[in-house]
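What follows is the residue order along each chain.
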Amino acid sequence: MLDAIGAIIGPINSLLYYPILIILLLVVGLYFTIRSKFLQVRLLGEAFRVTVEKPMREGDVSSFQTLMVTTASRVGTGNIVGVASAICLGGYGAVFWMWIVAIVGGASAFIESTLAQIYKKRDSEGGCYGGPSYYIQTALKSRALGIVFAISLILTYAIGFNMLAAFNLQTSFAVYSFYNPNVTPWIIGAVLAAMTCYCLLGGGKRILKVTSVLVPIMGAIYVLVALIMVIMNISMMPAIFGRIFADAFDFKAIFGGIAGSCLMFGIKRGLYSNEAGIGSAPNAAATALISHPVKQGLVQMLSVFLDTLIICSATAFMCFSAGIEPSESIAGAPYVQAALATLMGSFGHHFITFSLILFAFTTLLGNLYYVDNNLAYIYGKEPSKNFMLAYRIFASLVVLFGAAQKQALAWDIGDLLMGIMALINLPAIFLLGKKALDALKDYEKQRKAGKDPVFHAADIGITEKLDFWN
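These lines cover the structure that appears in this document, whether it is placed above or below. (Residues numbered from 1 in each chain as written. Predicted model: local features only at pLDDT ≥ 70, side-chain atom pairs only at ≥ 80, totals over all residues. Heavy atoms only, no water.)

### A look at the overall build of the protein chain
Argument step 1. The secondary structure content of the protein chain amounts to 19 helices and two strands.
Argument step 2. Contacts in the protein chain between residues far apart in sequence, at least 24 positions, make up 83% of those at least 6 positions apart. (Helix = DSSP H or I, 4+ residues; strand = E, 2+ residues; numbered from the N terminus. Contact = heavy atoms within 4.5 Å.)

### A look at the environment of Leu 432
Argument step 1. Structurally, Leu 432 can be placed in helix 19 (residues 407-448).
Argument step 2. Residue classification places Leu 432 among the buried positions, given a relative accessible area of 7%.
Argument step 3. Once the C-alpha coordinates of Leu 432 and Leu 140 are considered, the two residues, 292 residues apart in sequence, prove to be 8.0 Å apart.
Argument step 4. If near-sequence neighbours (up to four positions away) are discounted, Leu 432 is found in contact with Leu 115, Tyr 135, Ala 139 and Leu 140. (Buried < 20%, exposed > 50% of the residue type's maximum accessible area, 1.4 Å probe, protein only.)

### Describing the pattern of salt bridges
Argument step 1. This model, assessed by the stated rule, comprises seven salt bridges.
Argument step 2. Here Arg 42 makes a salt bridge to Glu 444, at a shortest N to O gap of 2.7 Å. Taken as a pair, Arg 42 in helix 2 (residues 39-42) and Glu 444 in helix 19 lie far apart in primary sequence, 402 residues in all.
Argument step 3. Look at Glu 444 and you get buried, because its relative accessible area is 19%. (Salt bridge = Lys/Arg side-chain N within 4 Å of Asp/Glu carboxyl O.)

### A short note on the side chain of Asn 162
Argument step 1. Mapped onto the elements of the fold, Asn 162 is located in helix 8 (residues 143-171).
Argument step 2. For Asn 162, a relative accessible area of 0% translates into the label buried.
Argument step 3. Discounting residues that sit within four places of it in the chain, Asn 162 has contacts with Tyr 157, Thr 363, Leu 364, Asn 367, Leu 368 and Val 399.

### Topic: the environment of Phe 305
Argument step 1. Examined against the element boundaries, Phe 305 turns out to sit in helix 15 (residues 293-321).
Argument step 2. When the C-alpha atoms of Phe 305 and Gly 106 are compared, they prove to be 7.1 Å apart, with 199 residues separating the residues in sequence.

### Considering a nonpolar patch on the surface
Argument step 1. The grouping of Leu 224, Leu 227, Ile 228, Ile 231, Met 232 and Leu 343 at the surface amounts to a nonpolar patch, some 560 Å² of accessible area in total.
Argument step 2. Examining the composition of the nonpolar patch, we find that five residues originate from one element, helix 10 (residues 205-232), more than from any other.
Argument step 3. Relative to the helices and strands, Leu 343 resides in helix 16 (residues 333-344). (Patch = residues over 30% accessible without salt bridge, like charges linked within 9 Å, V, L, I, M, F, W, Y side chains within 5 Å. Areas by Shrake-Rupley, 256 points an atom, 1.4 Å probe, with all protein chains shown as cover.)

### As for helix 3 (residues 44-51)
Argument step 1. Buried within helix 3 are the following residues: Glu 46, Ala 47, Val 50 and Thr 51. Within helix 3, the buried residues cover an arc of 140 degrees as seen down the axis, which keeps them to one side. (Arc of directions from axis to C-beta.)

### Description of the state of the cysteines
Argument step 1. Within this structure, the stated rule accounts for zero disulfides.
Argument step 2. For the unlinked cysteine Cys 319, the closest cysteine sulfur is that of Cys 88, found at 7.3 Å. (Disulfide = S-S within 2.5 Å.)

### Some details on helix 8
Argument step 1. Over its 29 residues, helix 8 extends 40 Å from the first C-alpha to the last, a length consistent with the 42 Å expected when each residue adds 1.5 Å.
Argument step 2. If you look at helix 8, its biggest bend is around 35 degrees, right at Thr 156.
Argument step 3. Of all 29 residues making up helix 8, 21 are buried, and the element is well covered by its neighbours. (Expected span 1.5 Å × (residues − 1). Bend = angle between axes of the 7 residues up to and from the residue.)

### A few points about the packing of helix 17 (residues 347-379) against helix 18 (residues 385-403)
Argument step 1. As a packed pair, helix 17 and helix 18 sit with axes 12 Å apart at the nearest point and diverge in direction by 145 degrees. Where helix 17 crosses over helix 18, the handedness of that crossing is right-handed. Across from Leu 364, Leu 368, Val 371, Asp 372, Leu 375 and Tyr 379 in helix 17, the residues of helix 18 making contact are Phe 387, Met 388, Tyr 391, Arg 392, Ala 395 and Val 399. (Axes fitted to C-alpha atoms, helices over the stretch in contact; angles between N-to-C directions. Left-handed = near helix turned anticlockwise from the far one by under 90°.)

### Quick look at the nonpolar core
Argument step 1. Residues Ile 244, Leu 298 and Phe 320 are the most contacted members of the largest nonpolar core, which totals 139 residues.
Argument step 2. When residues of this core are assigned to their parent elements, the largest contribution, 16 residues, is made by helix 6 (residues 93-118).
Argument step 3. Residue contacts for Leu 298: discarding those within four places in its chain leaves Leu 39, Leu 43, Glu 46, Ala 47, Val 50, Phe 110 and Tyr 443.
Argument step 4. With five residues, the next largest nonpolar core counts Met 163, Val 398, Ile 413 and Leu 417 among its residues. (Core = buried A, V, L, I, M, F, W, Y, C linked by side-chain atoms within 4.5 Å.)

### With respect to a positive patch on the surface
Argument step 1. A contiguous patch of positive charge on the surface is contributed by Arg 35, Lys 37, Lys 441 and Lys 448.
Argument step 2. Residue placement: Lys 37 occurs in the loop between helix 1 (2-35) and helix 2.
Argument step 3. Lys 37 gets classed as exposed once you look at its relative accessible area, which sits at 61%. (Lys, Arg positive; Asp, Glu negative; His and termini not counted. Charge placed at Lys NZ, Arg CZ, Asp CG, Glu CD.)

In structure tokens form, the structure reads like this:
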């Protein structure tokens, strides 16, 4: 049964990602990069500045808090296992195409998050919420398409990405002597599913508090360890960069086998890691109470860069500097563990396993936050307690099921569902992008005048009735 599903999804992904999604992703990103006059470079310093601004009211969600939420969602198993898989299956050049996705995707991330801020809704306590479904409904006048997007996001995060997070975690146990491929994944999946269900059903507050502290610390330690490995093997860097660029521009090899090329794996794994343009981060971006929508757009652009250009690159260079040749047989966590073992011995295996436990667990819960937001959109209010109970139990069972899947099937399901989200959101932000670009012009005009920019929708010609900015 599962082999039959994989046989269907694999070819669909090949048709979806090439040429449709790859072209769409790059064209939309390049279009907004050019139209915004390369804001990724021009306004990078401004992005850091607005990130540390205080919220408009005491106790409100700040830009820094939304940066942490979206970065925590982006920084997960994809930064370790996803990058290692891309390198092992697509070659050194996959890293270059990940960088390209991050750079051009930064512009798409800016547009989608600025739009989420412009069209956000007010809750009963004066706070705010929103996301792609809301700007699709309000600006494109299509609740039906908004619902389709919400359903695609729910399927992606409750099923596709949560299956992947569980699968990626269990692969890190394959290096241990007790690992039995027929039994161990089910045990790990059961433990992870039980912890997820416990937290979702209202318990586990202490677990959540501890992991929320440990994850950023672990992320910083992970980057530091990667930096140490690079410094210790600094003489290898020129050859590594040479191989990355040579592989990335070997077009004969790329177009001779596009489905398994560095281009394909770099773009798919880069998109899975930073999520730029697929419409997830705007759900968190809309919750910040700030004086101008562009501020949140800049914050989310920065989040994409932190995810891919810093953390994903850390994984890549740590693996490359170890001198271990990537291959399909060690794709994923085993490749990173083998690389780190050259520096730390067997402790390197434990370090990666522990990192993945933290990253996977917080990713699971962060993914389901996005799902809750879109369930509320479909229902027009928070669903009933019985519905939410059934959904949370189902979401936990998905984690159990995901841990025991084959590698190809787990990735194929995640890629397919993520691609559907992108195919809806990218055309939507392309159609609505002028509003975000006009907001950018308004922001820069006020900054040049020495003001702290304040946004009024009428100043850029928005006539729809909005909950904010009137």
